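# Summary of structural features
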Amino acid sequence: MSAELQPAYILHTRPYRDTSMLVDFLTPEFGRITAVARGVRSRKTPKRNLLNPFARLLISFQGKTDLKLLTHFEAEGGHFPLVAKHLFSGFYLNELLVRLLPEWDAHPEIYSLYEQSLHALSTQQDLESILRVFELQLLHELGYGIDFESDAKSGELISAHVGYCLDPAQGLYSAHADVPLNFQFAGLHIHAIAQRDFTLPEVKQTAKRITRTLLKPLLGSKPLMSRELFS
């Protein structure tokens, strides 16, 4: 198999043998792929500087196995300069995609979502809103999203005046009277999340609790390195 001049972003790199690297790319047509970039760690390779995150590339690769050989790469012109917490958040998006997106599983919508999120990060838009929208849409595209409009057990519409519990496998359902308030999610906040309205700080906090609950069984026990950067 071979592909020529595919749009791609770099998600992760690591050393491979003496002078090469293994590179995880996100592409719209092939999803996440891993390719060997031969000799790029050599001082004689000026194009090494192109293999950095948050820059859009055109790549060509070939190979008969899942591990491809990178035969060509060039800058396409798009670059998103990220700084401080917005930079750490970019690494968080990358790590989520490496951990959750299977190789060779094409999701053009996720590629577009990622690019839009990088643009929002580079223009210093509200950080919590960017991350929550990305997490929720990523979960939806991978088939793990939940319904923010209906009770998962009764089928009734979510009420702004009711507290809800969350089962990652089923969704939100009305809480019994004996469930402590700190284990519930306010229906009013759920309404705002359904509209992707993260104006209020308490809605942002609720959305973070929900996405972390949904992501936990998918990520397993291995901690996210990008989260440690924040601390």
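Overview of the structure. (Residues numbered from 1 in each chain as written. Predicted model: local features only at pLDDT ≥ 70, side-chain atom pairs only at ≥ 80, totals over all residues. Heavy atoms only, no water.)

Attention shifts here to the sheet that holds strand β1 (residues 2-16). One closed barrel accounts for 5 strands, arranged β1-β2-β3-β5-β4; its pairing is mixed. Ignoring strand direction, the axes of neighbouring strands in this sheet form an average angle of 50 degrees. Bridge count for strand β3 (residues 31-37) against strand β5 (residues 67-79) is 3 bridges, and the pairing is parallel. Paired with V36 across the strands is L69, a residue of β5. Where helix α1 (residues 84-100) meets the sheet, it contacts β1, β2 (20-27) and β3, and its direction lies at approximately 100 degrees from that of β1. Set on the sheet, helix α2 (residues 108-122) makes contact with β1, β2 and β4 (55-62); between it and β1 the angle comes to about 65 degrees. (Pairing = 2+ DSSP bridges. Helix = DSSP H or I, 4+ residues; strand = E, 2+ residues; numbered from the N terminus. Axes fitted to C-alpha atoms, helices over the stretch in contact; angles between N-to-C directions. Contact = heavy atoms within 4.5 Å.)

Counted at 1.5 Å a residue, the expected span for helix α3 (residues 127-141) with its 15 residues is 21 Å, and the 21 Å between its end C-alpha atoms agrees. When we look at burial in α3, the residues that qualify are L127, S129, I130, L131, R132, F134, E135, L136, L138 and L139. Remark: G143 follows α3 within two positions and exhibits a positive phi of approximately 90 degrees. (Expected span 1.5 Å × (residues − 1). Buried < 20%, exposed > 50% of the residue type's maximum accessible area, 1.4 Å probe, protein only.)

With respect to the helices, strands and loops of the structure, H86 is situated in helix α1. The exposure class assigned to H86 is buried, which follows from its relative accessible area of 11%. With residues up to four places along the chain from it excluded, the contact list for H86 reads L121, Q124, Q125 and L127.

Below, the discussion takes up the side chain of S60. Topologically, S60 is positioned in strand β4. Take S60: its relative accessible area is 1%, and that puts it in the buried class. Of note is the side chain of S60, whose polar atom sits 3.0 Å from the backbone nitrogen of L5. Setting aside residues up to four positions removed in sequence, S60 forms contacts with A3, E4, L5, L69, L70, T71 and H72. (Polar contact = N/O pair within 3.5 Å; in protein donor to acceptor, adjacent residues only side chain to side chain.)

Let's shift gears to the pairing of β1. One face of the sheet, then the other: side chains in a regular strand alternate in exactly this way. Summarising the sheet, β1 and β4 pair through 5 bridges and their orientation is antiparallel. Its bridge partner lying in β4, S2 is registered against Q62. Linking two consecutive strands that pair antiparallel, namely β1 and β2, is a turn of 3 residues; a positive phi of about 55 degrees is found at R17 within it.

The relative placement of two aromatic rings is captured by the distance of their centres and the angle of their planes. Using the criterion set out here, one finds 7 aromatic pairs in the structure. Site record: aromatic cluster; members linked through ring pairs are Y9, F80, Y111 and Y114. (Phe/Tyr/Trp six-rings, centres within 6.5 Å; stacked < 30°, edge-to-face > 60°.)

Burial analysis of β3 places 7 of its 7 residues in the buried class, which makes it a mostly covered element. Here β2 folds back onto β3 in antiparallel fashion, the turn holding 3 residues.

Glancing now at the environment of D197. Relative to the helices and strands, D197 resides in the loop between α4 (187-194) and α5 (201-219). When its relative accessible area of 36% is taken as the criterion, D197 is described as partly exposed. Along the sequence, D197 and P217 sit 20 residues apart, while their C-alpha atoms lie 26 Å from each other. If we ignore the near neighbours within four places in the chain, the residues touching D197 are A192 and V203. Within the local environment of D197, its side chain forms a polar contact with the side chain of T199, the two groups lying 2.6 Å apart.

Time to look at the environment of R38. Considering the arrangement of structural elements, one finds R38 in the loop between β3 and β4. Owing to a relative accessible area of 63%, R38 belongs among the exposed residues under this scheme. Along the backbone, R38 and T19 are 19 residues apart, and their C-alpha atoms lie at a distance of 6.9 Å. Beyond its immediate sequence surroundings of up to four residues, R38 is in contact with S20 and L69.

Let us look at the nonpolar core. Judged by nonpolar contacts, the single largest core of 45 residues is most densely connected at L96, Y114 and L172. At the level of secondary structure, the elements contributing two or more residues to this core comprise β1, α1, α2, α3, β6 (163-167), α4 and α5. Judged by nonpolar contacts, the second largest core, of 17 residues, contains I10, A37, V40 and L51. (Core = buried A, V, L, I, M, F, W, Y, C linked by side-chain atoms within 4.5 Å.)

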